[in-house]
Amino acid sequence: MPYTAPTLAQAQVALASRLNDQFNVQWVAAELTLYIQEALRTWNAWTSHWRERGTVTGVLNEPFYDLPTELPT
């Protein structure tokens, strides 16, 4: 059986069901999306699941780096 991932709409329906709010009375879809995104970011930070290796060359007296620029996909 191949791996499948739920779509955002499926995740919203599942979350609304767990919150006992199937008709989005208490939480609108935009709020559910924010909660899902935050949960995925937190899970990624705790587990390092979506991790890639890259090289960034450090520059003296450069405290911050724009990682999307330094490490393009």
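Everything numeric in this text was worked out from a predicted model, so none of it was measured. (Residues numbered from 1 in each chain as written. Predicted model: local features only at pLDDT ≥ 70, side-chain atom pairs only at ≥ 80, totals over all residues. Heavy atoms only, no water.)

### Concerning helix α1 (residues 8-18)
Burial in α1 covers these residues: Ala11, Gln12 and Ala16. Projected down its long axis, α1 carries its buried residues within an arc of 130°, all on one side. Of the exposed residues in α1, the ones pointing more than 90 degrees away from its buried face are Val13 and Arg18. Tucked inside the fold, the buried residues of α1 contact α2 (29-47). (Buried < 20%, exposed > 50% of the residue type's maximum accessible area, 1.4 Å probe, protein only. Helix = DSSP H or I, 4+ residues; strand = E, 2+ residues; numbered from the N terminus. Arc of directions from axis to C-beta. Contact = heavy atoms within 4.5 Å.)

### Details of the side chain of Thr33
Note on placement: Thr33 falls in helix α2. Not counting the four nearest positions on each side in its chain, Thr33 is found in contact with Leu8 and Gln12.

### Remarks on a nonpolar patch on the surface
A grouping of Val56, Leu67 and Leu71 is seen on the molecular surface, where their side chains present a nonpolar patch of about 230 Å² in accessible area. Relative to the helices and strands, Leu71 is located in the segment after α3 (67-70). Judged by relative accessible area, Leu71 falls into the partly exposed class, the value being 35%. (Patch = residues over 30% accessible without salt bridge, like charges linked within 9 Å, V, L, I, M, F, W, Y side chains within 5 Å. Areas by Shrake-Rupley, 256 points an atom, 1.4 Å probe, with all protein chains shown as cover. Salt bridge = Lys/Arg side-chain N within 4 Å of Asp/Glu carboxyl O.)

Treat this as a map of the structure, not an account of what it does.
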